[in-house]
Amino acid sequence: AQKITQTQPGMFVQEKEAVTLDCTYDTSDPSYGLFWYKQPSSGEMIFLIYQGSYDQQNATEGRYSLNFQKARKSANLVISASQLGDSAMYFCAMREVFNAGNNRKLIWGLGTSLAVNP
Amino acid sequence: DTEVTQTPKHLVMGMTNKKSLKCEQHMGHRAMYWYKQKAKKPPELMFVYSYEKLSINESVPSRFSPECPNSSLLNLHLHALQPEDSALYLCASSQDTQYFGPGTRLTVL
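Residues numbered from 1 in each chain as written. Chains lettered and ligands numbered in written order. Predicted model: local features only at pLDDT ≥ 70, side-chain atom pairs only at ≥ 80, totals over all residues. Heavy atoms only, no water.

J.: Looking at this model, I keep getting lost on the interface of chain A and chain B. Mind explaining?
T.: Think of interface size as the accessible area that goes away when the parts come together; that is how it is often given. At the interface, 21 residues of chain A touch 24 residues of chain B. A buried area of about 1,700 Å², summed over both sides, lies between chain A and chain B, and 54% of it is on carbon and sulfur atoms. At the junction of chain A and chain B, the tally comes to 2 salt bridges. Ionic pairing is found between A:Arg95 and B:Asp96, a salt bridge with its closest N-O pair at 2.7 Å. Our enumeration of links across chain A and chain B arrives at 5 residue pairs in polar contact (both at pLDDT 80 or more). Those elements that provide at least two residues to the side of chain A that touches chain B are β5 (33–39), β10 (88–95) and β11 (106–108) of chain A. Here the side of chain A that touches chain B is built from residues that sort into 10 nonpolar, 7 polar and 4 charged. (Contact = heavy atoms within 4.5 Å. Buried area = accessible area lost by both parts, 1.4 Å probe. Salt bridge = Lys/Arg side-chain N within 4 Å of Asp/Glu carboxyl O. Polar contact = N/O pair within 3.5 Å; in protein donor to acceptor, adjacent residues only side chain to side chain. Helix = DSSP H or I, 4+ residues; strand = E, 2+ residues; numbered from the N terminus. Nonpolar A, V, L, I, M, F, W, Y, C, P; charged D, E, K, R; others polar.)

Listed below in structure tokens is the structure:
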């Protein structure tokens, strides 16, 4: 069965420093996609970054990068130069393998709450 | 443009009320989703519509009734809800990546 594990319930980082949020996954399918979402206290779920299992390079989007280690089945999110506005809940998710009507579900981790200190 | 809109932003209703949540997207996505999210938990999938047809119902109680009038709109009709249904309700749409709306915070008294 597919599974996402986020082992850090809460993290603190000093403003302007980098922080890594951990995500490990379990799947037996060679084709999969991994997502990171940010959810501030306002509630909106914001898509940050995507990594496909066959992508040769680690995904990057501005200050966000994904440290993808396929053999270890990890897809850690790295946020560089943290800002106060980065304080939020961060969810790692994997697209389900089974294709039900071409709309595969997301399997979610429990999330990591990140607090950026000034 | 990756915008999904949801109305209302907040909703308070009694257990005997009937209300509706609305979701709209203009990205041409053919899949739309309803999620329920409790505080400090990941979202739980409720329904998926694909090409305006209901494709997934995650055994949601019948007091929640989804509707997809067209490819851009998704509604969630609420009737006889319970206090435990109080949560953040998120709508999403996708072609591949799911993009979410800002959510409706529902309180059932």
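J.: Which parts of the structure should I look at to understand the environment of A:Ala81?
T.: Residue and element names in this part refer to chain A. Residue placement: Ala81 occurs in the loop between β9 (74–79) and β10. For Ala81, a relative accessible area of 37% gives the class partly exposed. For the pair formed by Ala81 and Tyr64, sequence separation is 17 residues and the distance between their alpha carbons is 9.7 Å. Once you skip the residues sitting within four places of it in the chain, Ala81 turns out to touch Lys16, Glu17, Ala18, Arg63 and Asp86. (Buried < 20%, exposed > 50% of the residue type's maximum accessible area, 1.4 Å probe, protein only.)

J.: What exactly am I supposed to notice about the environment of B:Ser55 here?
T.: All names here are of chain B. Within the secondary structure, Ser55 sits in strand β6 (residues 53–57). Residue classification places Ser55 among the partly exposed positions, given a relative accessible area of 34%. Along the primary structure Ser55 and Ala31 are separated by 24 residues, whereas in three dimensions their C-alpha atoms are 9.4 Å apart.

J.: Is there a simple way to think about the nonpolar core in this case?
T.: Here is a general trend for soluble globular proteins: nonpolar side chains tend to be buried in one another's company. Of all hydrophobic cores here, the largest spans 25 residues; its most connected members are A:Trp36, A:Leu77 and A:Tyr90. By residue number, the principal contributor to this core is β10(A), which donates 4 residues. With residues up to four places along the chain from it excluded, the contact list for A:Tyr90 reads A:Gln6, A:Leu21, A:Trp36, A:Tyr37, A:Lys38, A:Leu48, A:Leu77, A:Ile79, A:Gly111, A:Thr112 and A:Leu114. In this structure, B:Leu11, B:Met27, B:Met46 and B:Tyr89 belong to the second largest nonpolar core, which totals 23 residues. (Core = buried A, V, L, I, M, F, W, Y, C linked by side-chain atoms within 4.5 Å.)

J.: What should I look at first to understand the pairing of β5(A) in this one?
T.: Residues and elements named next belong to chain A. Within β5, 7 of the 7 residues are buried, leaving the element largely enclosed by the surrounding structure. Here β5 shows two buried faces, one formed by Gly33, Phe35, Tyr37 and Gln39 and the other by Leu34, Trp36 and Lys38. As defined by bridge partners, β5 adjoins strand β6 (residues 46–52) across 6 bridges and the pair is classed as antiparallel. Note that in β6 the partner of Lys38 across the bridge is Ile46. Where β5 meets β10, 6 bridges bridge the pair, whose relative direction is antiparallel. Opposite Lys38, over in β10, you have Tyr90 as the bridge partner. (Pairing = 2+ DSSP bridges.)

J.: I tried to follow the state of the cysteines on my own but got confused; where do I start?
T.: Each disulfide consists of one covalent bond between the sulfur atoms belonging to two cysteines. All names here are of chain B. This structure, assessed with the given rule, holds 2 disulfides over all chains. The disulfide partner of Cys23 is Cys91, and the S-S distance across this bridge is 1.8 Å. Between Cys23 and Cys91 the disulfide shows an S-S torsion of about -70°. By sign, it is left-handed. On the criterion of sequence distance, the pair formed by Cys23 in strand β3 (residues 18–25) and Cys91 in strand β9 (residues 87–94) is long-range, its members being 68 residues apart. With relative accessibility at 0%, the residue Cys91 sits in the buried group. You can see Cys68 has no disulfide; the closest cysteine sulfur is in Cys23, sitting 9.3 Å from it. (Disulfide = S-S within 2.5 Å.)

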